[in-house]
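Observations on the three-dimensional arrangement
Each chain, written out:
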Amino acid sequence: MNKRILIVDDDPGLRELLRGYLGDNGFEVDAAEDGAAMRSRMAAAAPDLVILDLMLPGEDGLSLCRALRAGSASLPILMLTARGEDTDRIVGLEMGADDYLPKPFNPRELLARIRSVLRRAGENAAREKPALALAFAGWTLDLGARHLLGADGVVVPLSNGEFKLLRAFAESPLRVLSRDQLMDVLAGREAGPFDRSVDVMVSRLRRRLDDDGREPQLIKTVRSEGYMLASEVERRA
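Each value, and the rule that gives it
- Residues numbered from 1 in each chain as written.
- Predicted model: local features only at pLDDT ≥ 70, side-chain atom pairs only at ≥ 80, totals over all residues.
- Heavy atoms only, no water.
- Helix = DSSP H or I, 4+ residues; strand = E, 2+ residues; numbered from the N terminus.
- Contact = heavy atoms within 4.5 Å.
- Buried < 20%, exposed > 50% of the residue type's maximum accessible area, 1.4 Å probe, protein only.
- Arc of directions from axis to C-beta.
- Polar contact = N/O pair within 3.5 Å; in protein donor to acceptor, adjacent residues only side chain to side chain.

**Comments concerning the environment of Glu171**
Looking at the secondary structure, you find Glu171 in helix α6 (residues 160-171). Sequence separation between Glu171 and Ser159 is 12 residues, and the spatial gap between their C-alpha atoms is 18 Å. Setting aside residues up to four positions removed in sequence, Glu171 forms contacts with Leu134, Leu143 and Arg235.

This is the structure:
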């Protein structure tokens, strides 16, 4: 069965262009101009992936992304952002987008991104295991609840992007992870030369962990190489 793509964008020309192009490449395609139409289309037929524009009338793309992620932890979301708006891209990843593509874009690149995100979603579903907890330096990362617990038992909520990043560190303790590897965790691809998304997300994660950004002891910067979780990790069932 062909995968179903839902395009949420207020530009009718772009919706029709992508409807035709993706349809010619083997996808079933629905389109919606805003959040209300998106929910209506999803009620009629559940999509396998949502292409979500950031700038929408009424409820914006970030709010819709947050709502979609709250309803499903596994629904692939690809966000369209304005070129050069790094902050929007970072927030999109934090809200739960699986990847982003700046406008204007080549439809071939969009197609490649869609296939990559769907492939990763399939791989993740295939290897899904019972929830575990990863404990390190007085912290516990609950993989089922997707939150962080302090030594005092207080829950520290994590954005989707923060959870992905911390899980990557905790599953590879005492090992340097490059910016490209971490960007692959966040968005399934390498970091661009001017893309500071990973660095900003690491800074935010350090704040969650009370790790001094000026002299971090837990998530350390390894100059010219990347970042490392400087702690042993215990896996708990």
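Once you've had a look at it, read on.
**Some words on helix α3 (residues 61-71)**
Every buried residue belonging to α3 is among Gly61, Leu62, Leu64, Cys65, Leu68 and Arg69, and all of these are buried. Burial along α3 is one-sided: seen end-on, the buried residues are contained in an arc of 160°. Looking at α3, the residues exposed on the side facing more than 90 degrees away from the buried face are Ala70 and Gly71. Here the buried face of α3 lies against α2 (35-44), β3 (49-53), β4 (77-82), α4 (86-95) and α6. A side-chain oxygen of the first residue of α3 lies 3.2 Å from the backbone nitrogen of Leu62; this N-cap is Asp60.

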